[in-house]
Amino acid sequence: MIDIIIISIFVLAFAGVGFDLIEILPDDIQNQISNIQALRWLAAGFASIIGLALGLVAQTTYRRLEQRIRKTPIEVIITRAIGLVIGLLLANLMLAPIFLLPIPGNFSFIKPMMAILGSVMFAVLGVSLADAHGRTFLRLINPNSIESMLVAEGTLKPVATKILDTSCIIDGRIQQLLATGFLEGQILIPQFILNELQQLADATNDQKRVRGRRGLDILNQMQETYPDTIVIHPEIYEDVTTVDAKLLHLAHDINAMLITNDFNLSKVASLQKIEILNVNDLAQAVRPIYLPGDYIDLKILKHGKEPSQGIGYLEDGTMVVVEEANGRVGEEMRVIVTSALQTSAGRMIFAKTNASAVAS
C-alpha cells in the first residue's frame, strides 16, 4: 500500500507541475498557441511519466532503507536518535551567537552556511558518539535495558519457565539448587500438584503421609524464601486423568521446562519434545571425578568380600573398596585411588592405603 502511495504522490505532483508549467511561458508565446488547454494536459502527461520514474526510484530507496532499519538493532536506532537530537541542540546553542554578529549585507550568506555546516557537523558527531558509547548510556539509564532489547530482537533467548513435579518437591534437592542461584526464571507449581501433595499428606498410609507433609513443608519454605520465583499456577485440566499427563499438557501449552527426577516421565516428555531438567542427571553430572593417584579421606565402615578389603562410602553413596583395610573398620584414613568402575548399579572406586602404596 505504501508503495502505491509513494508512486502516486510523485505522479500527481509532477503532473501538477507540468500542468502549471505553461504559465511561466512569455505572453507572446502563449498567444501563438491555438489550444493552450491541450498543451497543458500534454505537459502534465509528460511530467507524470517523469514523476512515475522518480516515484519508482523513491519507492525502491524506501524499501532498501526499511530493510536496513529492520536489520539494525533497536538499541542502535535509539542511541543514534538520541545522539542526533543532542548534536542538533548543541549546534543551535553554539551557533546562535553567529546570527548576532554584524555581518555586512554582501556577506549575509555566511550565516545560513555556518548554520548548515555546524548542524551537519554536530549531528554526525552525536551519531558517532552514540555508536561508540550508546550501550553504556542505555545501561546507565536502565541496567536491564540492553538485555531486554536483545531478547526482543532475538539475539538473546528469554529464560524459560520451569514446572516442578511432585517427586522433585518431596525430594528436597530443588530447594538447595535454588539457594545456589543456578536455577533461573519463574518456577511454576501447578494447582493439581498442590492437590496431590495434600492428598498424600491426608493419606492413611504413614509413609505417604510423611512424604506429603515433607513436600508441603519444603514448598512453603521455598515460597517464603523466593516469593518472586515460586508461582502457583491455577490450571487444573479436569479432563485429563493422571498428574503426569497434566504436567506434560501444561509444559506443552506454555512452552515451559519440566523439572523432575522421575525417569519414566523424563522419557515420555522427551518423546513429546518437552525440555527436561532431571535432578538425578544433574547430581550425576556434578559428582567429583576421582582419577588414579587422587587421595580420598574415607571412613572404613565394613569388611569387603576379599579378606584384605575394607569398604567405605563417599557422600554421594559411591562405594570405595580399599585394599589392606580389612583390619581398620571404623577408622578414618586417607586412601589412594587406583581405578574406578562404572556398573549398572552405579559407580565403584578401588583404592589402597598409604601403607600398601609405600610397600608396593
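Scroll up a little and you will see the structure.
These lines cover the structure that appears in this document, whether it is placed above or below.

Conventions adopted
- Residue positions within a chain follow its written sequence, with the count starting from 1.
- Where totals are concerned, whole chains, interfaces and linings use all residues; where local detail is concerned, this predicted model gives features only for residues with pLDDT of at least 70, and gives and counts side-chain atom pairs only at 80 or more.
- Note that the side-chain values use all heavy atoms of the structure and ignore hydrogens as well as water.
- Elements are defined by DSSP. Helices are runs of H or I of four residues or more, strands are runs of E of two residues or more, and each kind is numbered from the N terminus.
- The contact criterion used is simple: two residues touch if any of their non-hydrogen atoms lie within 4.5 Å.
- For each residue, the accessible area found with a 1.4 Å probe, counting protein chains only, is set against the maximum for its type, and the residue is called buried under 20%, exposed over 50%, and partly exposed in between.
- For cavity detection a 1 Å grid was placed over the protein atoms alone, and a set of points counts as a cavity when a 1.4 Å probe fits there but cannot get out; an open set counts as a pocket when protein lies on both sides within 12 Å along at least five of seven lines, with lining residues being those that have an atom within 4 Å of a point.
- Grid points are joined across faces, edges and corners, and a volume is the space filled by probe spheres set on the points.
- In this classification, the charged set is Asp, Glu, Lys and Arg, the nonpolar set is Ala, Val, Leu, Ile, Met, Phe, Trp, Tyr, Cys and Pro, and all remaining amino acids, among them Gly, are polar.
- At least two DSSP bridges between two strands are needed for those strands to be called paired.
- An axis is simply a line fitted to the C-alpha atoms; with a helix, the fit covers only the stretch in contact. Between two such axes, the angle follows the N-to-C directions and lies from 0 to 180 degrees.
- Whenever Lys or Arg places a side-chain nitrogen within 4 Å of a carboxyl oxygen from Asp or Glu, that contact is recorded as a salt bridge.
- Patches here: salt-bridge-free residues with over 30% relative accessible area, like charges joined within 9 Å, nonpolar side chains (Val, Leu, Ile, Met, Phe, Trp, Tyr) joined within 5 Å.
- The method behind every accessible area is Shrake-Rupley, applied with a 1.4 Å probe, and residues are considered shielded solely by the protein chains displayed.
- Only four residue types enter the tally: Lys and Arg on the positive side, Asp and Glu on the negative side; His and the chain ends are excluded.
- By convention, charge coordinates are those of NZ in Lys, CZ in Arg, CG in Asp, or CD in Glu.

Bringing the environment of aspartate 316 into the picture now. Tracing the backbone through its elements, the reader meets aspartate 316 in the loop between β8 (309-313) and β9 (319-323). Along the sequence, aspartate 316 and alanine 283 sit 33 residues apart, while their C-alpha atoms lie 8.8 Å from each other. If near-sequence neighbours (up to four positions away) are discounted, aspartate 316 is found in contact with Arg287 and Arg347.

For isoleucine 189, the position within the fold is in strand β2 (residues 187-190). The exposure class of isoleucine 189 is buried, given its relative accessible area of 0%. Taking the C-alpha atoms as reference points, isoleucine 189 and threonine 166, separated by 23 residues in sequence, lie 9.2 Å from one another. In contact with isoleucine 189, not counting residues within four places along its chain, are Leu164, Ile169, Leu194, Leu219, Ile230, Val231, Ile232 and His233.

Moving on, we get to the layout of surface pockets. Its volume calculated, the largest pocket comes out at about 390 Å³. Its residues assigned to classes, the lining of the largest pocket shows 10 nonpolar, 3 polar and 1 charged. By volume, the second largest pocket amounts to about 260 Å³. Looking at the lining of the second largest pocket, its residues break down into 5 nonpolar, 2 polar and 4 charged.

What follows concerns the sheet that holds strand β1 (residues 162-164). Spatially, the 5 strands line up as an open sheet ordered β3-β2-β1-β4-β5, and their pairing is parallel. Among the strands making up the open sheet, the edge pair consists of β3 (230-233) and β5 (276-278). Taken over all neighbouring pairs, the strand axes of this sheet differ in orientation by 30 degrees on average, direction set aside. Inspection of the sheet shows β2 paired to β3 by 4 bridges, in the parallel sense. Its bridge partner being in β3, isoleucine 189 is matched across the sheet by isoleucine 232. Along the sheet, helix α9 (residues 191-201) contacts β1, β2 and β3; its crossing angle with β2, the most-contacted strand, is approximately 60 degrees. Relative to β1, helix α11 (residues 243-254) is tilted by about 170 degrees, and along the sheet it contacts β1, β2, β3 and β4 (257-260).

One pass over the full model with this rule turns up 6 salt bridges. Residue arginine 334 pairs with aspartate 297 through a salt bridge whose shortest N-O separation is 2.9 Å. Taken together, the residues arginine 334 in strand β10 (residues 332-343) and aspartate 297 in strand β6 (residues 295-299) connect sequence positions 37 residues apart. In this structure, arginine 328 and glutamate 331 form a salt bridge, with 3.0 Å as the shortest nitrogen-oxygen distance. For arginine 328, a relative accessible area of 32% corresponds to the partly exposed category. What emerges from the salt-bridge pattern is a single network uniting Asp3, Arg63 and Glu66.

Attention shifts here to unusual backbone geometry. Unusually for a residue other than glycine, tyrosine 237 sits at a positive phi of about 55 degrees. Considering the arrangement of structural elements, one finds tyrosine 237 in the loop between β3 and α11. One non-glycine residue, asparagine 255, lies in positive phi territory at about 55 degrees. Here asparagine 255 shows up in the loop between α11 and β4.

What follows deals with the environment of valine 243. Counting through the fold element by element, valine 243 comes out in helix α11. Along the sequence, valine 243 and glutamate 196 sit 47 residues apart, while their C-alpha atoms lie 8.1 Å from each other. Setting aside chain neighbours within four positions, we find valine 243 in contact with Phe192, Ile193 and Glu196.

Glancing now at a negative patch on the surface. A cluster of acidic side chains, namely Glu235, Glu238, Asp239 and Asp253, defines a negative patch on the protein surface. One can find glutamate 235 in the loop between β3 and α11.

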